[in-house]
Amino acid sequence: MIVVMQQNAEEGQIREVEEALQGWGYEIHPIYGTERTVIAAVGTPTQDEARVSEQVEALPGVEKSVLVLKPYRLASREYRPEKSVVKVGDVVVGGEGFVMMAGPCTVESEEQLMETARAVKAAGATVLRGGAYKPSTSPYSFQGMGEDGLKLLALARAETGLPVITEVMHIKNIDLVCEYADILQIGTRNMQNYDLLIEVGKLKKPVMLKRGMSAKIEEWLQAAEYILKGGNDALMLCERGVRTFETYTRNTLDLSAVLAVRELSHLPVVIDPSQGTGRASMVPAMCKAALAVGADGLLVEVHPNPEKALKDGAQTITIPAYEAMMKELKVIGEAIGRRL
Ligand code: PEP
Ligand code: MN
């Protein structure tokens, strides 16, 4: 932390700040300028640095204090220089392979789910997606099948062997969703539901944390920190597009987030081009781009009849479109050394 004193700070004020910093466990390196004094405080105090920084700023004579260390530790590259991998049965997210998670936005019926699950598996998906609890902007739109949807996901897993990813929206449903899911999805609207993050942090179950639709990368990594801090390190991130001024696409899919997270963190990153674009016509190309940019996998919405889907039909690709896309992804994967 760097503490910048006001231009005319008195000696007594400077001394008080130095003593306070030492009291918090910092080693101090002051630079007494003719105009202004700057104090570098180094060391790793046990206190929350952001709080200490605010407390320093409340001392008389202080102009500002600047944090040098990142506000997340466990999620940072410095803490863990090598990439972390998340194992879900035989599926490894964050390794050399590129993981395909595919299925409907929402579980609607046994026929719909089974047909999709069989088809995506045959075309090379290794995880089945499907929402049973759906966060909806409108209280009038379909909210998901709830536990019946979870049961259908379990049925699809039993038949296809595909592990299942599904969203948990509320703390009260964690135990129930854990009974059926192999990966817990935390949706964009819940990235800042810190109580929920703390609870899933206590589990040993893999978690996929979606980026909040207006979240900065740093805020996303701080949300990840909540989960890691609880001891659950089976964590992957998912970029699903952010809100911008653009309205032609549902969101603006930030593929550079993969690179930003790579630089800052060890956590695997999956791309969701379905929520990311909101347009089925754009999904296959964005999937190819995600593979090329170095993402660890994809989360894609597929439905036997997108025009009949109860949710997100416009951004959902058909089974033949998924099959055609997989062929292209495999060619690209071979060219760049990523197995699908
Ligand atoms: C979804 O995956 O269907 C979904 C609701 O995602 P998000 O939380 O990113 O909107
Ligand atoms: Mn959806």
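Asker: Report on the site of ligand 1, specifying residues and quantitative values.
Answerer: Ligand 1 sits among Cys105, Arg129, Lys134, Gln185, Gly187, Thr188, Arg189, Lys210, Arg240, Gln275 and Glu301. Between ligand 1 and the protein, one listed contact pairs an oxygen atom with a side-chain N or O atom of Lys134 at 2.8 Å. Glu301 is positioned such that a nitrogen or oxygen atom in its side chain is 3.1 Å from an oxygen atom of ligand 1. In isolation ligand 1 offers 290 Å² of accessible surface; the protein chains occlude 98% of this area. Of the residues belonging to the shell around ligand 1, the class tally is 1 nonpolar, 4 polar and 6 charged.

Asker: Report on the sheet that holds strand 3 (residues 37–42), specifying residues and quantitative values.
Answerer: Spatially, 2-3-1-4 is the arrangement adopted by the 4 strands of the open sheet, whose pairing is antiparallel. Every other strand in the sheet has two partners, leaving strand 2 (27–32) and strand 4 (62–66) as the edge strands with one partner each. In this sheet, adjacent strand axes meet at a mean angle of 15° when their direction is disregarded. Where strand 1 (residues 2–5) and strand 3 come together, 3 bridges link them in antiparallel fashion. Residue pairing in the sheet places Val3 in a bridge with Ile39 of strand 3. Packing of helix 2 (residues 49–57) onto the sheet brings it into contact with strand 1 and strand 4, and relative to strand 4 it is tilted by some 170°.

Asker: Describe the coordination of the manganese ion (ligand 2), and please don't skip the residues or the numbers.
Answerer: Only Cys105 (SG), Glu301 (OE) and Asp312 (OD) from the protein reach the manganese ion (ligand 2) as donors, at distances of 2.0 to 2.5 Å. One chain supplies every donor for the manganese ion (ligand 2), spaced along it as C-x195-E-x10-D. Residue Cys105 is located in the loop between strand 7 (99–103) and helix 3 (110–122), and its partner Asp312 is located in the loop between strand 14 (297–301) and helix 11 (319–336); the two are separated by 207 residues in the primary sequence.

Cut-offs applied
Residues numbered from 1 in each chain as written. Chains lettered and ligands numbered in written order. Predicted model: local features only at pLDDT ≥ 70, side-chain atom pairs only at ≥ 80, totals over all residues. Heavy atoms only, no water. Near = heavy atom within 4 Å. Polar contact = N/O pair within 3.5 Å; in protein donor to acceptor, adjacent residues only side chain to side chain. Areas by Shrake-Rupley, 256 points an atom, 1.4 Å probe, with all protein chains shown as cover. Nonpolar A, V, L, I, M, F, W, Y, C, P; charged D, E, K, R; others polar. Pairing = 2+ DSSP bridges. Helix = DSSP H or I, 4+ residues; strand = E, 2+ residues; numbered from the N terminus. Axes fitted to C-alpha atoms, helices over the stretch in contact; angles between N-to-C directions. Contact = heavy atoms within 4.5 Å. Donors = N, O, S within 2.8 Å, 3.2 Å for Na, K, Ca; no water.

Function-wise, these values are silent; they only describe arrangement.
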